[in-house]
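Secondary and tertiary structure notes
So you can see what is in the structure, the chains are spelled out below.
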Amino acid sequence: QVQLVESGGGLVQAGGSLRLSCAASAFSGYNVAWFRQAPGKEREFVAVIHYSLGRTLYATSVKGRFTISRDNARNTVYLQMNSLKPEDTAIYYCARQWSPMVALRTEERAYDTWGQGTQVTVSS
């Protein structure tokens, strides 16, 4: 069974940067996304990257500040987060789309394998 393991979260001041990593035993052929869940809120889409073409989609709230990338040789997906804001505070999850070689999706229900999450806290 595939497992996803996030790392790189932490406490940072507003305006700072963090890079999250998501490692897995197998990513080949699958789109991978980042979601986040803030206290008292529903989990929301952040970004997704295509399994091979490098195409990406971003939530409006993070576009221009966050960058998703992947290293297929290392089975790792990254989320570079710059210009962080207090409202970015959340648990960040990576997720693998339910089927290989399909179109990019932003809905949570399109993903069936999730990591345990990593906490990101941005202080003002």
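Further up the page is the structure itself.
Predicted, not measured: the structure shown is a model, and the values here were computed from it. Sequence order sets the numbering: in each chain, residues are counted from 1 along the sequence as written. Side-chain atom pairs in this predicted model are given and counted only at pLDDT of 80 or more, local residue features only at pLDDT of at least 70, and totals for whole chains, interfaces and linings cover all residues. In computing side-chain values, all of the structure's heavy atoms are included and hydrogens and water are not.

Let us now look at unusual backbone geometry. Of note, Ser83 is a non-glycine position whose phi angle comes to about 50°, a positive value. Helix numbers and strand numbers start at the N terminus; a helix is a DSSP run of H or I with at least 4 residues, a strand a run of E with at least 2. If you trace the backbone, Ser83 turns up in the loop between β8 (76–81) and β9 (90–97).

Attention now goes to the state of the cysteines. Sulfur atoms of two cysteines make up a disulfide when they are within 2.5 Å. Per the stated rule, a full pass over the model turns up one disulfide. Here Cys22 is linked by a disulfide to Cys94, with a sulfur-sulfur distance of 2.0 Å. Across the S-S bond linking Cys22 and Cys94, the dihedral sits near 60°, which makes this disulfide right-handed. Separated by 72 residues along the polypeptide, Cys22 in strand β3 (residues 18–24) and Cys94 in strand β9 bring together distant segments of the chain. Relative accessibility under 20% of the residue-type maximum defines a buried residue, over 50% an exposed one, and the middle range a partly exposed one, all with a 1.4 Å probe and only protein chains included. Classification of Cys22 by relative accessible area gives buried; the value is 0%. For Cys94, a relative accessible area of 0% puts it in the buried group.

A word on the sheet that holds β3. Pairing between two strands requires that DSSP report at least two bridges joining them. Pairing is antiparallel across the open sheet formed by four strands, whose spatial order is β1-β3-β8-β7. The sheet is open, and its two edges are formed by β1 (4–7) and β7 (66–71), each paired on a single side. Adjacent strand axes in the sheet meet at a mean angle of 15°, parallel and antiparallel pairs treated alike. An axis is simply a line fitted to the C-alpha atoms; with a helix, the fit covers only the stretch in contact. Between two such axes, the angle follows the N-to-C directions and lies from 0 to 180 degrees.

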